[in-house]
Amino acid sequence: MPELHAPWLELAVALPLLAAMLIQRISAVRLRWLISSVVAGLVLLVAIVDWLDFASLRTFEAHDPHSLTQSLFGRELVIVDELNAPLLTLSAALYFAIILLTPIPKRERFPFGLTLVSLTLTEALLSSRAPLAVIGLLAAQNLLPLIELRQRQQAWKFFAIHQALSLGLMIGGWLCIDTNQLATTSSVTGVVLMAIGLLIRCGCIPTHCWMIDLFDRASLGTALLFVTPMAGAYALMRLVLPIAPVTVLQGISFASLITAIYASGMVLVQTSTRRFYCYLLLSNSSLLLVGLESLTPTGLTGSLSMWLAIGIALISLGIVIRALEGRIGRVDILRFHGLYSQMPLMAVLFLLALLASIGFPGTVGFVGLELLVESALESSSFYAVVVVVTTALNGIGALRVYFRLFTGTNAPATVSLQPLPLERLVIYAFAGLIVVGGIFPQPGVTTRYHAAGELMKRRGTFFDLDSPATALPVVPKIHEEKYEHSP
């Protein structure tokens, strides 16, 4: 396996952990925020450089030179490949934005140290492919929400029970799987158990209530950091997709489709911005799973493209909702607030993010949704209709929320609600990603197509990388021409 030019992966994992140990000795809130912001920014920079370094190698996967995990465990545990390279950058951007834009009145209570530990766990998880490492890191990620719920004296057992059930099913399933004999009853049972455990982690109905409860009880920043990286979907791709029988994948796809349309219906009737955001995320992430389990180049490419698009859109939405809460508290959407005249920049980013989340033409989400609908049409007209109806309901609900927040009679404010300079920078950055990604989608779609090819290859199925509409039996020559170090 080719090596990167520097240990970017281990650097991205180690930096926030060292910073978390450092700020435990610091009591000044502003200094804790400053150190955390700088370190999160460095991790984002390292993730971007790692992605560029990996792209320059023109290979499917690579690892750090002189790897520490190789020395300690005898095998590479952190790897960058076509699939996780952009996800590492996206998750680092999420943590950087959340830490940097923490409102001043809330910095006293915000757990900067735990958030940096959570950043370490997320970067490590998205760099891992070994099943036990993925399951262990999923378990460790639960610590931040659990500790915060207990510190806030909120009910935490509901969240803990769901996560314990999810982990128990994953561990039990993995113990049943014999990777050398996947067709046996024991192995198939193990795959099913693992899939159910991961669907619970993804918030699939009827076990989605833990996610709603988390958004209601935890701080919005913590809820966003736990849910938005979509760690459950990542684990499904790494652990289940390569070895699951087709019938199991069809079951996952059907459950995800039901969850998607249910959540889109709930988007229409929510009365708080937090629950609206949670159901919109649930609907979009479930649509993503529908494409992932399609096992077609078009469906996989559409889902992976949509993953990045809704990641950008949902981070943008989360930033705006958090900024609103930092100024006027939790916002209900039962009435019109008329906030556009006081924060037009926030309104523009909110609208752009909503349009991207529903795949509006000209935004970063358009191509991914288009490919997903096309894939659904290839497999079943029923699936295609449900995907289209789900998107339409999400669009109606999204515009309803926009009009409730930013239109209506202007509400006078005693203080300025305009975004601060740091908020302006983040707003411009994410708005630029949404627009530029929509105008120039080809580079992103190309990388996602290569990642889809790698996922298909891991299932023992090759297809022609130059013909996305067709899945051919074996075309290894094209791999060799495009990737000099292809295994």
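**Focus: the environment of Val-191**
Mapped onto the fold, Val-191 is located in helix H9 (residues 185-202). In this structure Val-191 touches Ile-177, Val-240, Ile-243, Ala-244, Pro-245 and Val-248, once residues within four positions along its chain are discounted.

**Considerations on the confidence of the model for the chain**
Here the chain averages 86 in pLDDT, while 93% of its residues score no lower than 70. Counted against residues more than four places away or in other chains, residues 462-487, with its pLDDT under 50, gives 51 contacts.

**Thoughts on unusual backbone geometry**
A cis amide bond, omega 5°, links Ile-205 with the succeeding residue Pro-206. As for its position among the elements, Pro-206 is in the loop between H9 and helix H10 (209-217). With phi around 60°, Gln-153 is a residue other than glycine that occupies positive phi space. Take Gln-153: it is sitting in the loop between helix H7 (143-151) and helix H8 (157-176). For Gln-153, a relative accessible area of 75% puts it in the exposed group. For Met-230, which is not a glycine, the phi torsion comes out positive at approximately 55°. Summarising the element assignment, Met-230 is placed in the loop between helix H11 (220-227) and helix H12 (231-240).

**Here we look at the packing of aromatic side chains**
Within this structure, the stated rule accounts for 9 aromatic pairs. Ring plane angle 80° and centroid distance 5.9 Å describe the contact between Trp-210 and Phe-226, whose orientation is recorded as edge-to-face. With Trp-210 in helix H10 and Phe-226 in helix H11, this residue pair connects regions lying 16 residues apart in the sequence. The class for Trp-210 is buried, based on a relative accessible area of 1%. Taken together, the ring pairs in this structure connect Phe-350, Tyr-402, Phe-403 and Phe-406 into an aromatic cluster. Between Arg-107 and the ring centre of Trp-33, over which it is positioned, the NZ or CZ distance is 3.8 Å. For the cation-ring pair, Arg-404 lies above Phe-336, with the distance from its terminal atom to the ring centre recorded as 5.1 Å.

**Some points on the nonpolar core**
Residues Val-240, Trp-307 and Phe-350 are the most contacted members of the largest nonpolar core, which totals 156 residues. Residue contributions to this core peak at 17 residues, all from helix H15 (residues 297-328).

**A word on the side chain of Asn-142**
Note on placement: Asn-142 falls in the loop between helix H6 (131-141) and H7. Given the relative accessible area of 3%, Asn-142 is considered buried. Not counting residues within four places of it along the chain, the set of residues in contact with Asn-142 comprises Phe-159, Gln-163, Leu-167, Arg-201 and Phe-226.

**Points about helix H2 (residues 29-57)**
Helix length check: H2 (29 residues) gives 42 Å between terminal C-alpha atoms against 42 Å at 1.5 Å per residue, within 8%. In the segment just after H2, Arg-58 is the residue with positive phi, at about 55°.

**Considering the environment of Ala-19**
With respect to the secondary-structure elements, Ala-19 resides in helix H1 (residues 8-23). Distance in space between the C-alpha atoms of Ala-19 and Val-39 is 7.0 Å, their sequence separation being 20 residues. Residues in contact with Ala-19, not counting those within four places in the same chain, are Val-39 and Leu-116.

**Section: the pattern of salt bridges**
On inspection of all chains with the given rule, the structure shows 8 salt bridges. Note that Arg-129 is salt-bridged to Glu-61, the shortest N-O span being 2.6 Å. With Arg-129 in the loop between helix H5 (112-126) and H6 and Glu-61 in strand E1 (residues 61-63), this residue pair connects regions lying 68 residues apart in the sequence. Owing to a relative accessible area of 21%, Arg-129 belongs among the partly exposed residues under this scheme.

**Some details on H1**
Each α-helix turn comprises 3.6 residues. Residues three or four places apart therefore point the same way. The terminal C-alpha atoms of H1 lie 23 Å apart, and with 16 residues this matches the ideal 22 Å at 1.5 Å per residue to within 8%. Leu-9, Glu-10, Ala-12, Val-13, Pro-16, Ala-19, Ala-20 and Ile-23 are the residues of H1 that are buried.

**Looking at the packing of H1 against H2**
Contact geometry of H1 with H2 gives a least axis separation of 9 Å together with a crossing angle of 175°. In terms of orientation, H1 lies roughly antiparallel with respect to H2. Of the residues in H2, those touching H1 at Trp-8, Leu-9, Leu-11, Ala-12, Leu-15, Pro-16, Ala-19, Leu-22 and Ile-23 are Arg-32, Ile-35, Ser-36, Val-39, Leu-42, Val-43, Val-46, Val-49, Asp-50 and Asp-53. When grouped by side-chain class, the residues that make up the contact of H1 with H2 number 15 nonpolar, 1 polar and 3 charged.

**Describing the packing of H15 against helix H17 (residues 366-379)**
The axes of two packed helices give the description: the angle between them and the distance between them. Between H15 and H17, the least distance of the axes is 7 Å, while the angle of their chain directions is 150°. Classified by the angle between their axes, H15 and H17 sit roughly antiparallel to one another. The crossing of H15 and H17 is left-handed. Taken together, the residues of H17 that come into contact with H15 (itself represented by Thr-298, Gly-299, Thr-301, Gly-302, Ser-303, Ser-305 and Met-306) are Gly-368, Leu-369, Leu-371, Leu-372, Glu-374, Ser-375 and Glu-378.

Procedures and definitions
- Residues numbered from 1 in each chain as written.
- Predicted model: local features only at pLDDT ≥ 70, side-chain atom pairs only at ≥ 80, totals over all residues.
- Heavy atoms only, no water.
- Helix = DSSP H or I, 4+ residues; strand = E, 2+ residues; numbered from the N terminus.
- Contact = heavy atoms within 4.5 Å.
- pLDDT = per-residue confidence, 0-100.
- Buried < 20%, exposed > 50% of the residue type's maximum accessible area, 1.4 Å probe, protein only.
- Phe/Tyr/Trp six-rings, centres within 6.5 Å; stacked < 30°, edge-to-face > 60°.
- Lys NZ or Arg CZ within 6 Å of the ring centre and 35° of its normal.
- Core = buried A, V, L, I, M, F, W, Y, C linked by side-chain atoms within 4.5 Å.
- Expected span 1.5 Å × (residues − 1).
- Salt bridge = Lys/Arg side-chain N within 4 Å of Asp/Glu carboxyl O.
- Axes fitted to C-alpha atoms, helices over the stretch in contact; angles between N-to-C directions.
- Parallel < 35°, antiparallel > 145°, perpendicular 65-115°, else oblique.
- Nonpolar A, V, L, I, M, F, W, Y, C, P; charged D, E, K, R; others polar.
- Left-handed = near helix turned anticlockwise from the far one by under 90°.

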